[in-house]
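Secondary and tertiary structure notes
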Amino acid sequence: MRDPGLTAAPSIDPATVRVTFEYVAWATVWLLVGTTIGLVASIKLHWPEFLPYAWLSFGRVRPAHTSLVLLGWSSLALVGLSLYVVARTSRVPLWSPRLARIALWLWNLTLLVGLVTLLAGVNRGPQEYREWVWPLAVGLAAAVVIDGYVAYRTVAARTLPEVYVSNWYILGGFCYLAILYVTSYLPFYQAGLGNTVVQGYYMHNAMGMWFTQLALGVSYYAIPRLLGRPIYSYALGVLGFWTNLLFYPLIGAHHFIFSPVPWWLQSTAILFSVGMMVPVWAGTGNLLLTFKGGSGAVRRSYALPFFVTGLIGYGLSSTQGTMEAFRSANIYWHFTNFTVGHSHATMYGFITFIAWGAVYGLVPRLTGREPSPLAVGVHFWLALVGVLTYVVSISAAGILQGFAWVAGQSFIASVIAAEPLWLWRTIGGLLMVGSHVVFAANVWAMRPHRVTMPAPAPDAAGSPA
Ligand code: HEM
Ligand code: HEM
């Protein structure tokens, strides 16, 4: 094995191996499709004549991009990895890999029909990240409930007395997404100011109570596992879980500062956005401190650098989010490209890098196959340089836009100022999509053998299985 973290490869039953890999593989397909569509959207902003077809108009490709990268790539990758984590930390096989596979096909079917309907112009209007017509939302909700049920039954069947901290985050994420999704589609919240408040609640909690929860849950398993040592502080992990639950659900209104949403609700959202620094730095600090004294392992491993980048991305971009919530900053940044910079710093710089770290760190352990370290390095650097180019250029465009608007200049003046930076976003996006092609080849290289290894003895207490 070339990655030292892989030497003590555990085994797991073949059915769990297969279904985990299938989730990761399908997530990778949606990553390729979703980010290629993102690239098309980006090109159109500085070259409007590019692909001038109604079904590829900006208003259609934008939600197609966001739904595929959020519900396809990020969700499927994290769900697949989470199913593996709940099984390993409970030291039992996954409860019903068959049901998990049915859920996977339900995800895939809704994603495909969602893509076709959005490109055909069939949607619920400007309801960001929930543009799909309701039957598709029902399909997706059913898939989430099934996956959550499989995860819950696996943890319930555990052979250890305690529930490992990863599973708090993972089961919490499944519970919260179900509540969130149902609330956001309730018919009486679909109009007027109530709709705006629910939109903010939905958008931010999808990020904080779903992607963040699953990414942290997977990290709390994979990082100590790859470093071969326990997490820095179990108590900080639990503190992060409860404070995330305390502060996140009430920050949605920070998306609508200076809007007709009640002033007190906006102020509450700002206050709780500051409170969010507690779980963010408890999580970032705890996981980064787990690396203390392990720089050699990071240098030798190809998975750990993804985790280090993702954790730094989590701490820095969330702090940026807290800054954006203050009225004095929001007056410049709201409605501008700065928010798009924050979205990619978080969803890519944090969530996507963590998902990649976990794929490279865990999948070879269960399939027994590794990608070429050179190809993983190419993936890492293309993705990192790509996302930095994207985030820096688009954030600078946002600052120019904000200053132009506050100074009362014409809208077209802000477009002219931002346009060169949109080209830089496309250049960054090209590198990112290039890195995804390399990642797809690496996933293929890690595909499972037909037969897997026998189960080893349980590990020493204090570190996850
Ligand atoms: C302390 C934690 C965070 C705070 C306080 C925060 C704050 C904010 C604020 C104020 C906005 C709205 C900006 C505006 O429209 O004017 C925003 C947007 C956004 N944030 Fe965060 N953020 C945090 C962490 C995260 C994380 C961890 C993620 C992803 C996992 C994320 C993803 C997003 C996305 C995708 C948007 C754009 C939503 C839209 O379409 O308008 N944020 N954030
Ligand atoms: C896994 C990778 C990616 C994720 C998770 C992701 C996520 C997102 C999110 C959440 C938004 C909504 C932003 C907001 O409203 O604030 C968005 C918009 C967008 N993304 Fe991505 N993205 C990814 C990769 C890419 C790539 C590679 C490109 C190529 C340039 C790209 C181009 C765009 C464009 C052009 C928009 C629309 C921005 C606008 O409306 O001004 N994205 N993406």
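Report follows, based on the coordinates. The numbering scheme is per chain: residues are counted from 1 as the chain's sequence reads. Chain letters and ligand numbers both follow the written order, the letters beginning at A and the numbers at 1. Only residues with pLDDT of at least 70 get local features here, since the model is predicted, and only at 80 or more are side-chain atom pairs given and counted; chain-wide, interface and lining totals rely on the full set of residues. By convention in this description, side-chain values take in all heavy atoms of the structure and omit both hydrogens and water.

Let's talk about the pattern of salt bridges
Two side chains carrying opposite charge are able to pair once their charged atoms lie near each other. Whenever Lys or Arg places a side-chain nitrogen within 4 Å of a carboxyl oxygen from Asp or Glu, that contact is recorded as a salt bridge. Under the criterion given, the structure shown has 2 salt bridges. Between Arg-101 and Glu-22 there is a salt bridge; the shortest N-O distance is 2.7 Å. You can see Arg-101 sitting in helix α3 (residues 97-119) and its partner Glu-22 sitting in helix α1 (residues 14-46), a full 79 residues away along the chain. A residue is classified by how much of its surface remains accessible, and Arg-101, at 26% relative accessible area, is partly exposed. Ionic pairing is found between Arg-62 and Glu-128, a salt bridge with its closest N-O pair at 3.0 Å. Here Arg-62 is found in helix α2 (residues 58-90), whereas its partner Glu-128 is found in the loop between α3 and α4 (134-156), with 66 residues between them in sequence. Look at Glu-128 and you get partly exposed, because its relative accessible area is 23%. The numbering of helices and of strands both runs from the N terminus, where a helix is a DSSP run of H or I of at least 4 residues and a strand a run of E of at least 2. Type-normalised accessible area, obtained with a 1.4 Å probe on protein chains alone, sets the label of each residue: buried when under 20%, exposed when over 50%, and partly exposed for intermediate values.

Here we look at the coordination of the iron atom of ligand 2
Note that water is not among the atoms considered, so a metal site may appear incomplete; the donors listed are N, O and S atoms within 2.8 Å of the metal, with 3.2 Å applied to Na, K and Ca. Binding of the iron atom of ligand 2 to the protein goes through His-65 (NE2) and His-344 (NE2), at separations of 2.1 Å. If you look at the iron atom of ligand 2, its 6 donor atoms make angles of 86 to 179 degrees with each other, and the shape they trace is octahedral. Of this pair, His-65 sits in helix α2 while His-344 sits in helix α13 (residues 337-367); the two residues are 279 residues apart in sequence, bridging distant segments of the chain. When its relative accessible area of 16% is taken as the criterion, His-65 is described as buried. Here the metal geometry follows the donor angles, with tetrahedral for four donors whose angles all fall between 85 and 135 degrees, square planar for four and octahedral for six when opposite donors are more than 155 degrees apart and every other angle is between 65 and 115, and irregular for all the rest.

Details of the environment of Val-274
Among the structural elements, Val-274 can be located in helix α8 (residues 263-275). The spatial distance from the C-alpha of Val-274 to the C-alpha of Ala-222 is 29 Å, given a sequence separation of 52 residues. In what follows, a contact means two residues having at least one pair of non-hydrogen atoms within 4.5 Å. Leaving out residues up to four positions away in the same chain, Val-274 has contacts with Thr-322 and Phe-326.

Focus: the coordination of the iron atom of ligand 1
For the iron atom of ligand 1, the protein contributes exactly one donor atom, His-342 (NE2), at 2.2 Å. You can see His-342 is positioned in helix α13.

Some details on the site of ligand 2
Any residue with a heavy atom positioned within 4 Å of a molecule or strand is treated as near that molecule or strand. Of all residues adjacent to ligand 2, which total 25 residues, the nearest are Arg-62, His-65, Glu-128, Ser-343 and His-344. Polar contacts here mean pairs of N or O atoms no more than 3.5 Å apart (in protein, one a potential hydrogen donor and the other a potential acceptor; neighbouring residues in sequence count only if both atoms are side-chain atoms). In the model, an oxygen atom of ligand 2 is placed 2.9 Å from a nitrogen or oxygen of the Glu-128 side chain. Contact distances for ligand 2 include 2.8 Å between a nitrogen atom and a side-chain N or O atom of His-344. Counting only elements with at least two residues in the shell around ligand 2, the list comes to α1, α2, α13 and α15 (411-445). Broken down by element, the shell around ligand 2 gets its largest block of residues, 7 residues, from α13. Note that Gly is not counted as nonpolar here; it falls among the polar residues with everything else outside the nonpolar set of Ala, Val, Leu, Ile, Met, Phe, Trp, Tyr, Cys and Pro and the charged set of Asp, Glu, Lys and Arg. Residues belonging to the shell around ligand 2 are distributed by class as follows: 12 nonpolar, 10 polar and 3 charged.

Quick look at the site of ligand 1
In the region of ligand 1, 26 residues are neighbours, and Glu-128, Tyr-129, His-204, His-334 and His-342 sit closest. Take Glu-128: an N or O atom from its side chain is 2.6 Å from an oxygen atom of ligand 1. Listing elements by their share of the shell around ligand 1, those giving two or more residues are α6 (192-227), α9 (277-289), α11 (304-325) and α13. Looking at the shell around ligand 1 element by element, the count peaks at 6 residues for α13. In terms of residue class, the shell around ligand 1 is built from 10 nonpolar, 14 polar and 2 charged.

Focus on the nonpolar core
With 134 residues, the main nonpolar core has Tyr-23, Trp-107, Trp-132, Phe-307, Phe-353 and Trp-356 as its most contacted residues. Residues Leu-39, Ile-43, Phe-50 and Val-433 belong to the second largest nonpolar core, which totals 5 residues. Within this scheme, the nonpolar core is defined by two criteria: the residues are buried Ala, Val, Leu, Ile, Met, Phe, Trp, Tyr or Cys, and they are joined through side-chain atoms within 4.5 Å.

Some words on the packing of aromatic side chains
Pairing of aromatic side chains requires ring centres within 6.5 Å, counting the rings of Phe and Tyr and the six-membered ring of Trp. Pairs whose planes differ by under 30 degrees are stacked, by over 60 edge-to-face, and all others tilted. Evaluation of the coordinates by the stated rule reveals 35 aromatic pairs. Pairing Tyr-169 with Phe-241 gives two aromatic rings, centres 5.5 Å apart and planes at 85 degrees, and the pair type is edge-to-face. In this pair, Tyr-169 sits in helix α5 (residues 165-185) while Phe-241 sits in helix α7 (residues 234-247), placing the two residues 72 residues apart along the sequence. Looking at Phe-241, the relative accessible area reads 8%, which means it is buried. Between Phe-247 and Phe-272, the ring centres sit 5.6 Å apart and the planes meet at 70 degrees, which makes this aromatic pair edge-to-face. Here Phe-272 lies in helix α8 and Phe-247 lies in helix α7, a separation of 25 residues in the sequence.

Brief notes about α6
Taking 1.5 Å per residue, 36 residues should reach 52 Å; α6 reaches 51 Å between its end C-alpha atoms and fits that length. Note that bend, as reported per residue, equals the angle between axes fitted to the 7 residues terminating at that residue and the 7 residues originating from it. The sharpest bend along α6 reaches about 40 degrees and sits at Asn-205. Counting buried positions over the 36 residues of α6 gives 31, a clear majority of the element. Note on α6: the residue one or two positions beyond its end, Gly-228, has a positive phi of about 70 degrees. In this analysis, the expected span of each helix is defined as 1.5 Å times one less than the number of residues it contains.

So, unusual backbone geometry
For residues besides glycine, phi is generally negative; the peptide bonds are generally trans as well. A positive phi angle, close to 70 degrees, is found at Phe-258, a residue other than glycine. By the element assignment, Phe-258 lies in the loop between α7 and α8. For Phe-258, a relative accessible area of 40% puts it in the partly exposed group.

A word on the packing of α5 against α6
Closest axis-to-axis distance for the α5/α6 pair is 8 Å, and the angle between their directions is 160 degrees. The orientation of α5 relative to α6 falls into the category roughly antiparallel. Crossing angle aside, the handedness with which α5 passes α6 is left-handed. Considering only residue class, the contact of α5 with α6 consists of 19 nonpolar, 8 polar and no charged. Structural elements are reduced to axes, namely lines fitted to C-alpha atoms, with helices fitted over the stretch in contact, and the angle between N-to-C directions of any two is expressed from 0 to 180 degrees. Oblique is the label for any angle not under 35 degrees, not over 145, and not in the 65 to 115 range, which are roughly parallel, roughly antiparallel and roughly perpendicular in turn. Crossings are sorted by hand: turned counterclockwise from the far helix by less than a right angle, the near helix makes the crossing left-handed, and turned clockwise it makes it right-handed.

Let's talk about the packing of α13 against α15
Running from N to C, α13 and α15 cross one another at 15 degrees; their axes reach a closest spacing of 14 Å. Between α13 and α15, the crossing angle belongs to the class labelled roughly parallel. Handedness of the crossing formed by α13 with α15: left-handed. Residues Asn-337, Val-340, Tyr-348, Trp-356, Val-359 and Tyr-360 of α13 touch α15, and the partners they reach there are Trp-422, Arg-425, Met-432, Ser-435, His-436, Phe-439 and Asn-442.

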